[in-house]
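# Descriptive structure summary
The lines below spell out each chain.
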Amino acid sequence: MLDRGVLRHDLEMVRQRLAHRVEPGILDDFTAADARRRGVLTEVQALRGRRNRLSKRVAMAKRSGMDAADLVQESRKVHAQISELEDSARTLNDETQRILSQIPNLPHPNVPQGPDESANALVSHWGEPADVAFTPKPHWELGVRLGIVDFERAAKLAGSRFAVYTGPGAKLERALMNFMLDVHTSEHGYTEILPPFIANSRTLYGTGQLPKFAHDLFKLEESDYWLVPTAEVPLTNLYADETLSPNDLPISLTAFTPCFRREAGSYGRDVRGVIRQHQFQKVELVKFASPETSYGELERLTSDAEEILRRLGLPYRKVLLSSGDMGFSAAMTYDLEVWLPGLGEFKEISSCSNFEDFQARRARIRMRHPGGRRGKTEYVHTLNGSGLAIGRTWLAILENYQEADGSVTLPEALRPYAGAERIARSGVLE
RNA sequence: GGAGGAAUGGCCGAGUGGUUGAAGGCGGCGGUCUUGAAAACCGCAAGGCCCGCAAGGGUCUCGGGGGUUCGAAUCCCUCUUCCUCCGCCA
């Protein structure tokens, strides 16, 4: 959520920076509603002040044994006036809140302005595709032939966009989870968290999924429970309504969770294989940082995610998203895109963002100001990124490490976790 | 599921209708003292919103919401969460 004051005092700046992110009308809607809200609020507050002064006079009169009937009478009248105005004050307040909660974050000035991914900026490349003498197959062909993933039985159990992993397929997923968590906790300094995979509305509001993106989420019936679409939601909200000490920052958390997404509106996109599923597993990285250090922390978090790709020997590129391609809550986002030789394209495998104070304001996560600045508090900056999406890492390994005979050699770093060197043509680990 | 109890500022904790936005302690920050530190002492410190160029003023907030009252942290209703005991269960 943006600061109301910024919208009020710097509307033109906001308008420019949100050029590719909102329909201009919403900013005017807010401005108009907010002006009405402030008008009524000023009036209500003046009346309340009057009532408070009258009450004090009643108290004084009673204490000195005088008759206060007139004062009480007048105060009753004021009370009635307040009640009348309060309703419209509340309505107007809800209205501005509703509009404000649908306005996305301001992109950082270094973010390229543009309507969509065509304006994204390539930052760097790493690795080269394996030089092979055959045409690489897509992972769904490899996986089904090896018998390590089963889409038909998954469809029977749940429907389309689900997968059942079997034998070495399941173990590879588990190996990736442990490998990523180990690297992030013992080498990158993250604290491992195992959060609930269900969250309430307030929590989803805090990170910006609600109210605007309810249609992307799975809601549980007859409850205020939602399946989490990413561990970002429980991890970031861990400190909702809290005031952190600057000495504790930055806080770095990591978690393995399944992620549940409706993927409504993506019909026809990525329909084959495990690229886009209603449930996928992910190791997430989340940081809480002071405003002064948050962009340095974004670089570190991104490189922590990159480190996983490097250790696994997966070629990738790093892209700075344009203002029109970024998510709703982000101020700056790097996407890491892994090379998939079977599909012949780069595919997002991690998205690392600094949300600045946008989520912190919604979730009310503050920090006390360091260095004797009169105990003032300010909002922390929140960051997160995938470290990495496990399903996509799984398929990237299949596609990048496939051999001519359809077997898959496992990357060195993963072998201790898989207890094997390869998935043989017969579909067994050995 | 049943029966009790509880929820106060960064933390602990006082406070049952009228200068209590809130005693006291701890923790934090600044200072005095000290070569430095500790101790001691002094001082400063809640958040949101509204009016204002500012200085400053106002208003709301004692788990959430509603109510009683001229006036509510204090009384009533309701919801949530936590604790204890019983039941059930992995």
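Residues numbered from 1 in each chain as written. Chains lettered and ligands numbered in written order. Predicted model: local features only at pLDDT ≥ 70, side-chain atom pairs only at ≥ 80, totals over all residues. Heavy atoms only, no water.

### Comments concerning the side chain of threonine 236
As a reminder of what qualifies: The numbering of helices and of strands both runs from the N terminus, where a helix is a DSSP run of H or I of at least 4 residues and a strand a run of E of at least 2. Here a polar contact is recorded for every N or O atom pair within 3.5 Å, except that within protein the pair must consist of a potential hydrogen donor and a potential acceptor, and residues adjacent in sequence are included only if both atoms are side-chain atoms. Note on contacts: a residue pair is in contact if any heavy atoms of the two residues lie within 4.5 Å.
By the secondary structure assignment, threonine 236 is in helix H9 (residues 232-237). Within the local environment of threonine 236, its side chain forms a polar contact with the backbone oxygen of glutamate 232, the two atoms lying 2.8 Å apart. Among residues more than four places away in sequence, those in contact with threonine 236 are Thr207, Val286, Phe288, Gln359, Ile365 and Thr382.

### Overview of the pattern of salt bridges
What counts here: Between Lys or Arg on one side and Asp or Glu on the other, a salt bridge is scored when a side-chain nitrogen of the former is within 4 Å of a carboxyl oxygen of the latter.
Evaluated as defined, the whole model comprises 26 salt bridges. With its nearest N and O atoms 3.0 Å apart, the salt bridge here joins aspartate 28 to arginine 15. You can see aspartate 28 sitting in helix H3 (residues 25-63) and its partner arginine 15 sitting in helix H2 (residues 11-17), a full 13 residues away along the chain.

### Side note on the environment of serine 160
Turning to its location among the elements, serine 160 is positioned in the loop between helix H6 (151-157) and strand E3 (164-165). The spatial distance from the C-alpha of serine 160 to the C-alpha of valine 271 is 8.6 Å, given a sequence separation of 111 residues.

### Remarks on the packing of helix H7 (residues 168-186) against helix H10 (residues 294-311)
To keep it simple, the criterion reads: In this analysis an axis means a line fitted to C-alpha atoms, helices contributing only their contacting stretch, and an angle means the value between N-to-C directions, from 0 to 180 degrees. By the definition adopted for this analysis, an angle is roughly parallel if under 35 degrees, roughly antiparallel if over 145, roughly perpendicular if from 65 to 115, and oblique otherwise. Each crossing is labelled by how the near helix is turned from the far one, with a counterclockwise turn of less than a right angle marking it left-handed and a clockwise turn marking it right-handed. For this scheme, ten residues count as nonpolar: Ala, Val, Leu, Ile, Met, Phe, Trp, Tyr, Cys and Pro. Four count as charged, namely Asp, Glu, Lys and Arg, and the remainder, Gly too, count as polar.
As a packed pair, H7 and H10 sit with axes 11 Å apart at the nearest point and diverge in direction by 130°. Looking at the two axes, H7 sits oblique to H10. Remark: the crossing between H7 and H10 carries right-handed chirality. Residues Phe179, Met180, Val183 and His184 of H7 form the contact with H10, whose participating residues are Asp304, Ala305, Ile308 and Arg311. Split into classes, the residues belonging to the contact of H7 with H10 amount to 5 nonpolar, 1 polar and 2 charged.

### A word on the sheet that holds strand E15 (residues 381-389)
For sheets, the rule is that strands pair by backbone hydrogen bonds, running either parallel or antiparallel. Rules: Two strands pair under a simple rule: DSSP has to find at least two bridges between them.
Strand order across the open sheet formed by 8 strands is E1-E10-E11-E12-E15-E9-E8-E4, with mixed pairing between neighbours. With one partner strand each, in any of the chains shown, strand E1 (121-126) and strand E4 (191-193) form the two edges of the open sheet. Here the strands of the sheet are splayed against their neighbours by 25° on average, with no regard to which way each runs. Most of the contacts of helix H12 (residues 390-400) go to E15, to which it runs at about 40°, and overall it touches strand E8 (251-260), strand E9 (279-289), strand E11 (332-340), strand E12 (345-354) and E15.

### A word on the sheet that holds strand E14 (residues 377-379)
The 3 strands are arranged E7-E13-E14 in an open sheet whose pairing can be described as mixed. Looking at which strands have only one partner, the edges of the open sheet turn out to be strand E7 (243-244) and E14. Sheet topology note: the strand E13 (residues 366-368)/E14 ladder contains 3 bridges and is antiparallel. Bridge assignment links arginine 368 to a residue of E14, and that residue is threonine 377.

### Topic: empty space enclosed by the protein
As a reminder of what qualifies: Only protein atoms enter the calculation, which uses a 1 Å grid: trapped sets of points that fit a 1.4 Å probe without letting it out are cavities, open sets showing protein on both sides within 12 Å along at least five of seven lines are pockets, and any residue with an atom within 4 Å of a point is a lining residue. Grid points are joined across faces, edges and corners, and a volume is the space filled by probe spheres set on the points.
Applying the stated criterion to the full structure yields 1 cavity of 30 Å³ or more. Of the pockets and cavities examined, the largest cavity occupies roughly 70 Å³. Lining the largest cavity, in full, are Pro129, Ala130, Val132, Phe134, Pro136, Pro341, Glu399, Asn400 and Gln402. In terms of residue class, the lining of the largest cavity is built from 6 nonpolar, 2 polar and 1 charged.

### What about the nonpolar core?
Cut-off, in case you're wondering: Residue types Ala, Val, Leu, Ile, Met, Phe, Trp, Tyr and Cys, when buried and joined through side-chain atoms within 4.5 Å, form a set referred to as a nonpolar core. To sort residues, take the accessible area from a 1.4 Å probe on protein chains only and compare it with the maximum for the residue type: under 20% means buried, over 50% means exposed, and anything in between is partly exposed.
In terms of nonpolar packing, the biggest core is built from 50 residues, with Leu172, Leu176, Met180, Leu309, Leu312, Trp394 and Leu414 touching the most fellow members. Top element by residues in this core is H7. It accounts for 7 residues. If near-sequence neighbours (up to four positions away) are discounted, leucine 414 is found in contact with Leu172, Ala175, Leu176, Phe179, Leu312 and Ile397.

### A few points about the state of the cysteines
Heads up, the rule is: A pair of sulfur atoms, both from cysteines and within 2.5 Å, is called a disulfide here.
Applying the stated criterion across every chain yields a total of 0 disulfides. Here cysteine 259 is not cross-linked by a disulfide; its sulfur's nearest cysteine counterpart is in cysteine 352, at 14 Å. Exposure remark for cysteine 259: the relative accessible area of 0% places this residue in the buried category.

### Quick notes on the packing of H7 against H12
When two helices pack together, their arrangement is captured by the angle between the axes and the distance separating the axes. H12 packs onto H7 with a crossing angle of 115° between their chain directions and a minimal axis gap of 10 Å. As for how H7 packs across H12, the hand of that crossing is right-handed. Only Ile390, Gly391, Thr393, Trp394, Ile397 and Leu398 of H12 make contact with H7, whose side of the interface consists of Gly169, Leu172, Glu173, Leu176, Met177 and Met180. In the contact of H7 with H12, the residues fall into 8 nonpolar, 3 polar and 1 charged.

### Concerning the layout of surface pockets
Estimated volume of the second largest pocket: approximately 190 Å³. Along its surface, the second largest pocket is lined by 14 residues, and Phe151, Phe162, Val271, Arg272 and Gly273 are the ones closest to its centre. Put simply, the parts of the chain that give the lining of the second largest pocket at least two residues each are helix H5 (139-146) and H6. Grouping the constituent residues of the lining of the second largest pocket by class yields 6 nonpolar, 4 polar and 4 charged.

### Remarks on the packing of aromatic side chains
Selection rule: Note on aromatic contacts: the rings of Phe and Tyr and the six-membered ring of Trp form a pair at centre separations within 6.5 Å, being stacked when their planes are under 30 degrees apart, edge-to-face when over 60 apart, and tilted otherwise. Lysine and arginine charges are scored as sitting over a ring when NZ or CZ, respectively, is within 6 Å of the ring centre and within 35 degrees of the ring normal.
Inspection of the entire model under this criterion finds 7 aromatic pairs. For the pair phenylalanine 179 and tyrosine 417, a centre-to-centre distance of 5.8 Å together with 70° between the ring planes defines the contact as edge-to-face. Pair noted here: phenylalanine 179 is in helix H7 and tyrosine 417 is in helix H13 (residues 415-418), with a separation of 238 residues, a long-range link. Assessed through its relative accessible area of 28%, tyrosine 417 is described here as partly exposed. Every member of this aromatic cluster is reached through a ring pair, and the members are Phe213, Phe328 and Phe358. Just above the ring of tyrosine 334 sits the side chain of lysine 318; from NZ or CZ to the centre is 4.4 Å. Lying over the aromatic face of tyrosine 205, arginine 362 brings its terminal NZ or CZ to 4.3 Å of the ring centre.

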